[in-house]
Amino acid sequence: MLPVYILAGICLCYIILLLSLLYGWRNLKYNPASVPSSETAFSIIIPFRNEQVNLPGLFDSLKRLKYPTHKFEILLINDSSKDDSEKMVQEFRKMHPELSIEPLQNQRESISAKKDALKVGVEKSRFEYIATTDADCKVPENWLQGFDAQIESENSDLIAAPVILDQVHPKDPLFRKFDLIDFMSLQATTVGAFGLGKPFICNAANLCFKKTGFQEVGGYKQSSNFAGGDDVFLLQQFKEHERKIDFIRSTNMIVTTAAQKDLRSFLQQRLRWAAKSAGYKDSFARFAALTVFLMNAAMIIGLVLCLFDASYLQWLMIAFLIKFNLDFMLIYKAAVFFDRKASMRSYAWSSIAYPLFSAGIALTSLFVGFKWKGRDYRK
């Protein structure tokens, strides 16, 4: 009966985690961020590498920003692109002389090209507040107003905001539908953790931070040995130095990002994300990561045990139903918030596939590297 006791303990931890995140979601007040404000000046930093397909969408959203043009600049850092990305940046600059657009070249210093690019942008920036997004994203027209209102009211040092994938369509491949469900679970976890006052993840596609704060906490120095994690490790640094950290839970602040183009790219992305979990220092982050891993691993191990002892099936089904319903409650909140309720049609089969996927990615990331933007990152 020992495995049953272990499963019960894992389920208890999972129940505590999910109920805590649900409480955190409810506790974090909805902030429409719609108050007209333009007091703060921003430097928007966007690294790019081989993004000619996605740049038109990004540029279209940037030129629609409803913010005084003299109060923001756009720094586009080229990370050794081999396509027409750099040419497109130059054309965008010429077509919009009313915008302050500064093309820059990345200067490699570490194993993380993106962190190096962001560092170049911070060093070249003219304004005190830095806003970051990715080249495959589209920002909302009141994006900077939202950050400005938060800064003016709360004097925040680092502000995170919501990110979501583009809508899925019925003819999209299964991995694309699974990707959206998984992405919403990460966003729900982000909001829930902020609502608990225990933030440990955020997304650089929608992030704002104080330049002096970035410099004072050491920037990316402590995470220079990780290829990814420019967002979560910076959040960790600000948190360790007791800086004011906030999240804007507002539909007016949602940044949309493109989904991965194929299954291989999707898996490589998740391996990249999983690799940075080894650098978590926060106790709640470690508890969350370990609990989720153990719960998913227990589903797989339990299924194997059922082959040898059919009586174990009832305990496995109870554990699965607990997980199924708690996950649904959290992810559905995100689906409503992001206007992605239709995607929940894929929840049932995704919840069955997820334990194998999650545990597999976590274990694989311990032994192998990943490929990203045409570069190999090995263990």
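The following refers to the structure shown. Quantities reported herein were computed from a predicted structural model and do not represent experimental measurements.

Rules behind the numbers
- Residues numbered from 1 in each chain as written.
- Predicted model: local features only at pLDDT ≥ 70, side-chain atom pairs only at ≥ 80, totals over all residues.
- Heavy atoms only, no water.
- Helix = DSSP H or I, 4+ residues; strand = E, 2+ residues; numbered from the N terminus.
- Rg over C-alpha atoms; globule rule 2.2 N^0.38 Å.
- Areas by Shrake-Rupley, 256 points an atom, 1.4 Å probe, with all protein chains shown as cover.
- Lys, Arg positive; Asp, Glu negative; His and termini not counted.
- Charge placed at Lys NZ, Arg CZ, Asp CG, Glu CD.
- Pairing = 2+ DSSP bridges.
- Axes fitted to C-alpha atoms, helices over the stretch in contact; angles between N-to-C directions.
- Contact = heavy atoms within 4.5 Å.
- Disulfide = S-S within 2.5 Å.
- Buried < 20%, exposed > 50% of the residue type's maximum accessible area, 1.4 Å probe, protein only.
- Core = buried A, V, L, I, M, F, W, Y, C linked by side-chain atoms within 4.5 Å.
- Phe/Tyr/Trp six-rings, centres within 6.5 Å; stacked < 30°, edge-to-face > 60°.
- Lys NZ or Arg CZ within 6 Å of the ring centre and 35° of its normal.
- Left-handed = near helix turned anticlockwise from the far one by under 90°.
- Nonpolar A, V, L, I, M, F, W, Y, C, P; charged D, E, K, R; others polar.
- Parallel < 35°, antiparallel > 145°, perpendicular 65-115°, else oblique.

**Considerations on the overall build of the protein chain**
Next, step 1: Looking only at helices and strands, one finds 12 helices and 12 strands in the protein chain.
Next, step 2: For 379 residues, the compact-globule estimate of 2.2 N^0.38 gives 21 Å, and the protein chain sits close to it at 21 Å.
Next, step 3: Seen through its principal axes, the protein chain has C-alpha atoms that stretch 70 × 45 × 40 Å.
Next, step 4: Accessible surface, the protein chain as shown: approximately 17,600 Å² in total, 58% of it carbon and sulfur.
Next, step 5: Separation between the mean location of the 46 positive side-chain charges and that of the 38 negative ones in the protein chain comes to 3 Å.

**Looking at the sheet that holds strand β3 (residues 100-105)**
Next, step 1: The strand order β3-β2-β1-β4-β8-β6-β9 describes an open sheet built from 7 strands, whose pairing is mixed. Only two strands of the sheet have a single partner each, and these edge strands are β3 and β9 (245-247). Strand after strand, the sheet turns through a mean of 20 degrees between neighbouring axes, direction not considered.
Next, step 2: With 3 bridges connecting them, strand β6 (residues 158-160) and β9 associate as parallel partners. Note that in β9 the partner of A160 across the bridge is F247.
Next, step 3: Across the sheet, helix α5 (residues 143-154) touches β1 (42-48), β2 (72-78), β4 (129-132), β6, β8 (207-210) and β9, and the angle it forms with β1 is around 130 degrees.

**Side note on the sheet that holds strand β5 (residues 137-138)**
Next, step 1: If you trace the 3 strands from one edge of the open sheet to the other, you get β5-β10-β7, paired in mixed fashion. Only two strands of the sheet have a single partner each, and these edge strands are β5 and β7 (163-165).
Next, step 2: Here β7 runs beside strand β10 (residues 255-257); their pairing, made up of 3 bridges, is parallel. Across the sheet, the residue bridging to L165 is T257, located in β10.
Next, step 3: Strand contacts of helix α6 (residues 174-195): β7 and β10, with the helix running at about 170 degrees to β7, the strand carrying the most contacts.

**Description of the state of the cysteines**
Next, step 1: In total, this model carries 0 disulfides according to the counting rule given.
Next, step 2: The thiol of C13 is unpaired, and the distance to the nearest cysteine sulfur, on C11, comes to 9.5 Å.
Next, step 3: Not engaged in a disulfide, the cysteine C137 finds its nearest cysteine sulfur in C202; these two sulfurs lie 13 Å apart.
Next, step 4: Residue classification places C137 among the buried positions, given a relative accessible area of 1%.

**Thoughts on the nonpolar core**
If you look at soluble globular proteins, the nonpolar side chains tend to sit buried side by side.
Next, step 1: By size, the foremost hydrophobic cluster in this structure holds 107 residues, and its most contacted members are W143 and F147.
Next, step 2: When neighbours within four sequence positions are excluded, W143 is seen to be in contact with I44, L65, A131, T132, T133, N206, M253 and V255.
Next, step 3: The next biggest cluster of nonpolar side chains, apart from the first, holds 12 residues, and it includes A274, F357, F370 and W372.

**So, the packing of aromatic side chains**
Next, step 1: Applying the stated criterion to the full structure yields 28 aromatic pairs.
Next, step 2: For the ring pair F59 and F92, a centre distance of 4.1 Å and an interplane angle of 5 degrees mean the geometry is stacked. Of this pair, F59 sits in helix α2 (residues 55-63) while F92 sits in helix α3 (residues 85-95), placing them 33 residues apart in sequence.
Next, step 3: By relative accessible area, which is 7% here, F59 ends up buried.
Next, step 4: Put simply, the rings of F175, F178, F266, W349, Y354 and F357 pair up and form one aromatic cluster.
Next, step 5: One residue, R272, lies across the ring of W372, its end atom 3.9 Å from the ring centre.

**Description of the packing of helix α9 (residues 263-275) against helix α12 (residues 347-367)**
Axis angle and axis distance: for two packed helices, these are the angle between their axes and the distance between the axes, and together they describe the pair.
Next, step 1: Between α9 and α12, the least distance of the axes is 9 Å, while the angle of their chain directions is 65 degrees. In this structure, the crossing between α9 and α12 has a hand that is right-handed. Taken together, the residues of α12 that come into contact with α9 (itself represented by F266, L267, R270, L271, A274 and A275) are F357, I361, T364 and S365.
Next, step 2: Of the residues belonging to the contact of α9 with α12, the class tally is 7 nonpolar, 2 polar and 1 charged.

**Quick look at the packing of helix α10 (residues 283-306) against α12**
Next, step 1: Between α10 and α12, the least distance of the axes is 8 Å, while the angle of their chain directions is 120 degrees. In terms of orientation, α10 and α12 fall into the oblique class. Note on packing geometry: the crossing formed by α10 with α12 is left-handed. Of α12, the residues touching α10 (which contributes V292, F293, N296, A297, M299 and I300) are Y354, P355, L356, S358, A359, A362 and L363.
Next, step 2: Tallied by class, the residues present in the contact of α10 with α12 amount to 11 nonpolar, 2 polar and no charged.

**Considering the environment of A298**
Next, step 1: Looking at the secondary structure, you find A298 in helix α10.
Next, step 2: Relative accessible area serves as the criterion here: at 10%, A298 is assigned to the buried category.
Next, step 3: On a C-alpha basis, the gap between A298 and C11 in space is 9.3 Å, while along the polypeptide they are 287 residues apart.
Next, step 4: Apart from residues no more than four positions distant in its own chain, A298 is found in contact with L7, I10 and L316.

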